[in-house]
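One letter stands for each residue in the lines below.
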Amino acid sequence: MRIWKLACMVLFCCVFLAGCGTSEKETAAEKAPAAEPQAQVEMAVPKKGIPVLMYHMVGDVPDNDAVLLESHFREQMKFLKDKGFHPISLQQLYEYMAHGKPVPVRPVVLTFDDGYPDTYSIVMPVMKEYGFKCTVFIPAYDADQGTRLTWAQIKEMQASGMDIASHGYHHERLTEMTGTTLQDELQKSQDELKQQLGITNEFFCYPYGGDNAAAEAAMKKFGIKMAFTMNPGWAKQGDNPYAVKRIWIGNAVDIGNFEQRVTTEQYAQR
Ligand SMILES: [Zn+2]
């Protein structure tokens, strides 16, 4: 009987120690990749602000300035990669604007409005290829309606690292809504994002860019901490987080003008 007891104890110890060894190795392996890239990126608090780029549909529709040629889009993203720009998240932008927190040097914010199918088919692969962060503003009602993204596509985009945020529910001007209509619009949008994507949404893009005091008050009520307009300019520390400016990117913006738009607020108008 003693022999059996001893054998059991030895076996138990071997299994226990082997288990410890494995978990230590796994923990070390998990930590290593995350720490390395962070250490290499230089951080700073940009005095002159951060450019927030505004994209809509991307594709090859000739003579339509609302649709950015795919070649222009690819050229711009390659430019950002080659020149060492760092596309940051809206959370990082918020921490900088509201609390003066540092961000990676040469920061830029990439936003895509409206949830067009090309945001899935063209933009997502490019974001993955370059490891870029971006945000897609979705009018929740439009998903699964046939002409825009499906929820399945949006979920895949979210899983790939793209942030999804609200562009209203029906994509209508908030400035023309009053009372319960405005409240309903935001409530439905927040609820749908929660239900479909599991997110407590904190970021909003005003449809057609329009905002006013009532819209900003409603944002606060529904837990939104930052909202984006179509007013031109860079986002600066201390600016009103409910009226963040953005930089238009259309086909008239060649690569020289694009460079201006991401390096100075005094870029040539196109
Ligand atoms: Zn829109």
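Note: the structure precedes this text.
Remember, predicted model here, so these are calculated numbers, not experimental data.

Draft legend 1. Up close: the overall build of the chain. Of regular secondary structure, the chain possesses 8 helices and 12 strands. Relative to its 270 residues, the chain shows a buried fraction of 32%. In the chain, the share of contacts with a sequence separation of at least 24, taken over all contacts with a separation of at least 6, comes to 64%.

Draft legend 2. Geometry of unusual backbone geometry. In the Ramachandran plot, His-171 falls in the positive-phi region, its phi being about 60° despite a non-glycine side chain. In this structure, His-171 sits in the loop between strand 9 (163-166) and helix 6 (179-197). Notably, Tyr-208 is not glycine yet its phi reads approximately 60°, a positive angle. Along the polypeptide, Tyr-208 turns up in the loop between strand 10 (203-205) and helix 7 (213-221).

Draft legend 3. Geometry of the nonpolar core. One finds Val-52, Leu-53 and Ala-227 to be the most contacted residues of the largest nonpolar core, which totals 60 residues. Each residue touching Ala-227, except ones within four places of it in the same chain, is listed here: Phe-204, Tyr-206, Asp-211, Met-219, Tyr-242 and Val-244.

Draft legend 4. Representation of the pairing of strand 2 (residues 52-55) in the model. Neither face of strand 2 is left uncovered, since the one carrying Val-52 and Met-54 and the one carrying Leu-53 and Tyr-55 both have all their residues buried. Pairing of strand 2 with strand 7 (residues 107-113), which is carried by 4 bridges, proceeds in the parallel orientation. Residue pairing across strands places Met-54 opposite Thr-111, the latter belonging to strand 7. Relative to strand 12 (residues 247-248), strand 2 is paired through 2 bridges, and the arrangement is parallel. Across the sheet, Leu-53 pairs through a bridge with Ile-247, a residue of strand 12.

What counts, and where the lines are drawn
- Residues numbered from 1 in each chain as written.
- Predicted model: local features only at pLDDT ≥ 70, side-chain atom pairs only at ≥ 80, totals over all residues.
- Helix = DSSP H or I, 4+ residues; strand = E, 2+ residues; numbered from the N terminus.
- Buried ≥ 20, exposed ≤ 12 C-beta atoms within 10 Å, placed from the backbone.
- Contact = placed C-beta atoms within 7 Å.
- Core = buried A, V, L, I, M, F, W, Y, C linked by C-beta atoms within 7 Å.
- Pairing = 2+ DSSP bridges.

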